[in-house]
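Here's the letter readout for the chains.
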Amino acid sequence: MPPYDAIASQYKAINDRIRPFRENVESPSFQRVVGDVRGLSVLDVACGDGWYSRRLARAGARVIGVDISAEMVREAERQTTDGDLDIEYRVGDAAALGIAEKFPLITAAYLLHYAATRDDLAALCRGLRARLDDGGRLVTLVLNPHFDPRGPSTAAYGLELRTTGETGDGALTRLHVDLEPPVTIDAYRWRQDTYEAELENAGFVSTNWTPLTCSQDAAGTTPDGYWDDYLANPTAVALECVA
Ligand SMILES: C[S@@+](CC[C@H](N)C(=O)[O-])C[C@H]1O[C@@H](n2cnc3c(N)ncnc32)[C@H](O)[C@@H]1O
């Protein structure tokens, strides 16, 4: 069973717990890198409960959301209550997407760091590249390769990366969400140059890393300095790759 089948029913609670982070920091940062999607067909891989699929569709895209977990796809369908949004959800593996169409834009927030081995990472990169037009873009969020386990803590925001003692490339790292009981999700922290090498091997011609920042709107709704610890040692980073 894909690991996310087991936590699909908790995913709404996870998103509710970390909603301030997702809405004030992560999503505006990600959507700035994604840019204007009006009139575009977008493949949202690892769509999960449809967090970004719905945002992309509201911004004017036609969206196909794909996830390996049938339970997450069911959750996405359940949460997508606005019938005017142009979204179709499917079950599928990013490494072998059974879709003939190619896209100008693929989004894949929080996918690549589930690759447990370098071969898995290479297969994901190849699978995504295969579904992109030449010159198309992949925009993703990955665990921050430069996260410092001794740096400022992100616990106050409801999420933490807990290292497991492994220190090498692809080290097992646990994303801990502060719920009762806590939810822990295993992921793998690949080095920046490893991502870049596998993306290049898969046929991507350039990669561009963009740190998450606090949106201007959020700056007005949270006390000065509220996000400082997060931004000083972020758990995630946005990555844009051109095919
Ligand atoms: C943390 S969730 C992110 C969901 C969504 N993108 C978001 O930002 O809320 C990660 C998702 O990746 C999916 N996933 C993991 N490996 C996958 C693969 N090989 N192909 C497609 N989806 C995958 C999981 O099932 C899960 O729904």
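You'll find the structure just up there.
These lines cover the structure that appears in this document, whether it is placed above or below. (Residues numbered from 1 in each chain as written. Predicted model: local features only at pLDDT ≥ 70, side-chain atom pairs only at ≥ 80, totals over all residues.)

**Digging into the sheet that holds strand β3 (residues 87-91)**
Item 1. Strand order in the open sheet made by the seven strands is β3-β2-β1-β4-β5-β10-β9, with mixed pairing throughout. At either end of the open sheet lies a strand with only one pairing partner, and these are β3 and β9 (206-211). For this sheet, the mean angle separating the axes of adjacent strands, direction not counted, is 20 degrees.
Item 2. Alignment of strand β1 (residues 41-45) against strand β4 (residues 103-109), held across three bridges, turns out to be parallel. In the sheet register, Val42 faces β4, and the bridge partner there is Leu105.
Item 3. Helix-sheet contacts for helix α3 (residues 19-34) involve β4, β5 (132-143), β9 and β10 (236-242), and the interaxial angle to β10 is about 10 degrees. (Pairing = 2+ DSSP bridges. Helix = DSSP H or I, 4+ residues; strand = E, 2+ residues; numbered from the N terminus. Axes fitted to C-alpha atoms, helices over the stretch in contact; angles between N-to-C directions. Contact = placed C-beta atoms within 7 Å.)

**Description of helix α7 (residues 192-201)**
Item 1. Taken residue by residue, α7 has Tyr195, Glu198 and Leu199 as its buried positions. The buried residues of α7 occupy an angular sector of 100 degrees when the element is viewed end-on, so they sit on one face.
Item 2. Considering only its buried residues, α7 is in contact with α6 (118-130), β5, β9 and β10.
Item 3. Remark: Gly203 follows α7 within two positions and exhibits a positive phi of approximately 110 degrees. (Buried ≥ 20, exposed ≤ 12 C-beta atoms within 10 Å, placed from the backbone. Arc of directions from axis to C-beta.)

**Some thoughts on the nonpolar core**
Item 1. Core analysis: the largest hydrophobic core is formed by 66 residues, its most contacted members being Val45, Ile106, Ala108 and Leu128.
Item 2. Residues within four places of Val45 in sequence aside, it is in contact with Val66, Ala94, Ile106, Ala108, Leu111 and Leu128. (Core = buried A, V, L, I, M, F, W, Y, C linked by C-beta atoms within 7 Å.)

**Here's the deal with the packing of α6 against α7**
Item 1. Following both chains from N to C, one finds α6 and α7 inclined at 50 degrees, their axes separated by 8 Å at the closest point. One way to sum up the angle between α6 and α7 is to call them oblique. For the element pair α6 and α7, the recorded crossing hand is right-handed. Taken together, the residues of α7 that come into contact with α6 (itself represented by Leu121, Ala122 and Cys125) are Glu198, Leu199 and Asn201.
Item 2. In terms of residue class, the contact of α6 with α7 is built from four nonpolar, one polar and one charged. (Parallel < 35°, antiparallel > 145°, perpendicular 65-115°, else oblique. Left-handed = near helix turned anticlockwise from the far one by under 90°. Nonpolar A, V, L, I, M, F, W, Y, C, P; charged D, E, K, R; others polar.)

**Quick look at the environment of Trp190**
Item 1. Mapped onto the secondary structure, Trp190 falls in the loop between β8 (183-189) and α7.
Item 2. Residue Trp190 is classed as buried on the basis of its 22 C-beta neighbours within 10 Å.
Item 3. As a C-alpha pair, Trp190 and His146 span 44 residues in sequence and 9.6 Å in three-dimensional space.
Item 4. With near-sequence residues (within four places) excluded, Trp190 lies in contact with His113, Leu121, Pro145, Asp169, Gly170 and Tyr195.

**A closer look at unusual backbone geometry**
Item 1. Look at the link from Glu180 to Pro181: it is a cis peptide, with omega at 0 degrees.
Item 2. Secondary-structure assignment places Pro181 in the loop between β7 (171-177) and β8.
Item 3. A positive phi angle is found at Ala46, which is not glycine, with a value near 60 degrees.
Item 4. Locating Ala46 in the fold gives a position in the loop between β1 and α4 (51-58).
Item 5. We classify Ala46 as buried; it has 23 C-beta atoms within 10 Å.
Item 6. The backbone phi angle of Tyr110 is positive, close to 65 degrees, even though this residue is not glycine.

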